[in-house]
Amino acid sequence: MIVRKLLTLCLLLTATSGYALTSTTTLPKSVNGPSFRYGMVDGIDQRYTQDGTLMTLGDYKSVVFDATALTKFNQRAKDLINALNAFGNQRLGDKFNMGVLKIDTKPEVKYFAPVYARGVTERWTLGFGLPIVNYSNKISMSQQHSNIDFYRQQFSGLSAELDQALNTNLQQAANDVLTGRGYKAIENRKESFVGDAQLVSLFRFFDNDTYSWAYQTDFNLPTGPQFNSDDLTALNVFGRTNFNNKLIFSARANPWLTITPYAGYLLNVPDQVTKRVPTAEDDTLPDASTKTDVQRTIGNTASIGGNLFADLSDQFSFGTGYEYSMKERDQYSGPGNKRYDLLSADTQARIHKVRGQISYSTVKSYLKKSSAIPLIVSLEVTDTIAGMNAERQLIQEMSLMLFF
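What counts and how
Residues numbered from 1 in each chain as written. Predicted model: local features only at pLDDT ≥ 70, side-chain atom pairs only at ≥ 80, totals over all residues. Heavy atoms only, no water. Pairing = 2+ DSSP bridges. Helix = DSSP H or I, 4+ residues; strand = E, 2+ residues; numbered from the N terminus. Axes fitted to C-alpha atoms, helices over the stretch in contact; angles between N-to-C directions. Phe/Tyr/Trp six-rings, centres within 6.5 Å; stacked < 30°, edge-to-face > 60°. Buried < 20%, exposed > 50% of the residue type's maximum accessible area, 1.4 Å probe, protein only.

With that settled, the discussion passes to the sheet that holds strand S13 (residues 271-276). Here three strands make up an open sheet; going across it, the order is S13-S14-S17 and the pairing antiparallel. Either end of the sheet is taken by a strand with one partner, and the two such strands are S13 and strand S17 (331-333). Across the sheet, the mean angle from the axis of one strand to that of its neighbour is 45°, orientation sign disregarded. Relative to S17, strand S14 (residues 291-297) runs antiparallel, the two being bridged by three bridges. Residue Gln295 lies in a different strand from S17, and its bridge partner there is Ser333.

Here is the structure:
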């Protein structure tokens, strides 16, 4: 029995972000299980939209700089369009289009998480982990579908001011607008920081030879970076306090196959952050004057899922799983009569995830004294295959777990 417990224990310790497959397995009393997790998150430059369409952020966040949009950014652009309208009766200013500013990003998140777990009793295991996050993002901007060459041919040389306007570098102008409104300039970044720590408790309150029940709680501690309203390329998913509660049922179908359905509910603790509050629906880049300390309640998330574990041999085991999550809409409130409702737009989410894992263990051979160290090495892959208002994430994680 102790062999099987150690073979599948590493599936419960979710000290990075709760990616691991769910299990009812606990450590034996007084047994320590330190582990080291290394993972990589790809695909966060893609997002499932309100209708479930998967789009890259470059397309999703592209900005069209037609005449209507230009007049909203500054008075100088408005004066240029009015001046162009004054030439003839064709309303050339209204047809002026500097094109689409497409922002291409290649974000990558890697993490390393040392985890310590101990069997408090035969039925109760506690674990603690603190991830170190490496975040990099290669960002490029391109200007597409512009008719500015036509205007240069028609109006070049009429005035120095007009020539300067027609030779505007849209990428530089966009960064000038951002810095003028108090945002950090968009540029490549590479940084490392401590993420949110996590305390995990797994208590198996009933079991027999065929099935078992367990209750798991993941307590997320806000040790990571706080929300930054001035940084458009920040991850802004750390610095949160929440409890992820799971009720897990495990049934042994036969000596080598186990089925584990579960239900979970992630409860977020309300907090206070500084946000830029839009003044209207089309205020996509609120300026610094709109920054307000708001009360934030991130929507809670209910989830259901199931895993299948198979012992392929004494050394190798395999796991696969599926999870469906439903996240409530975020809620914001603050002083004055501001459009806090706009902060909640498109925050209700639906997420479909699939997982797979393969593990290699020396535990059984260690007990037979044919291996020097009892350990488990695992590779797990998690993919978001569908959703609504959610990032597509492809997570690949390697883990090494020891026992003493």
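Right, picking up where we left off after that structure.
Moving on: the packing of aromatic side chains. The full count for this structure, using the stated rule, is seven aromatic pairs. Summarising the aromatic geometry, the rings of Phe219 and Phe243 are spaced 4.6 Å apart at their centres and angled 5° between planes, so their arrangement reads as stacked. Of this pair, Phe219 sits in strand S10 (residues 211-221) while Phe243 sits in strand S11 (residues 242-254), placing them 24 residues apart in sequence. Given the relative accessible area of 24%, Phe219 is considered partly exposed. Taking the relative accessible area as the measure of exposure, Phe243 reaches 29% and is therefore partly exposed. Each ring, one from Phe316 and one from Tyr360, has its centre 5.2 Å from the other, and the planes form 55°; the classification is tilted. Residue Phe316 is located in strand S16 (residues 316-327), and its partner Tyr360 is located in strand S18 (residues 349-361); the two are separated by 44 residues in the primary sequence. Here Phe316 falls in the partly exposed class, since its relative accessible area comes to 40%. Put simply, the rings of Phe206, Tyr211, Trp213 and Phe249 touch in pairs and so form one group of aromatic residues.

Strand-to-strand pairing in sheets goes through backbone hydrogen bonds, with the strands running parallel or antiparallel. The sheet built from three strands is open, its strands ordered S3-S2-S20 with antiparallel pairing. The two strands at the open ends of the sheet, each matched to only one other strand, are strand S3 (54-56) and strand S20 (390-391). As judged from the two bridges shared by strand S2 (residues 46-48) and S20, these two strands associate in the antiparallel manner. Counted as the bridge partner of Arg47 is Glu391 from S20.

A few words now on unusual backbone geometry. Negative phi characterises most residues that are not glycine, and trans characterises most peptide bonds. A positive phi angle is found at Ser30, which is not glycine, with a value near 70°. In this structure, Ser30 sits in the loop between helix H1 (2-8) and strand S1 (35-42). The backbone of Asn389 shows a phi angle near 55°, a positive value even though the residue is not glycine. Looking at the element boundaries, Asn389 is found in the loop between strand S19 (375-388) and S20.

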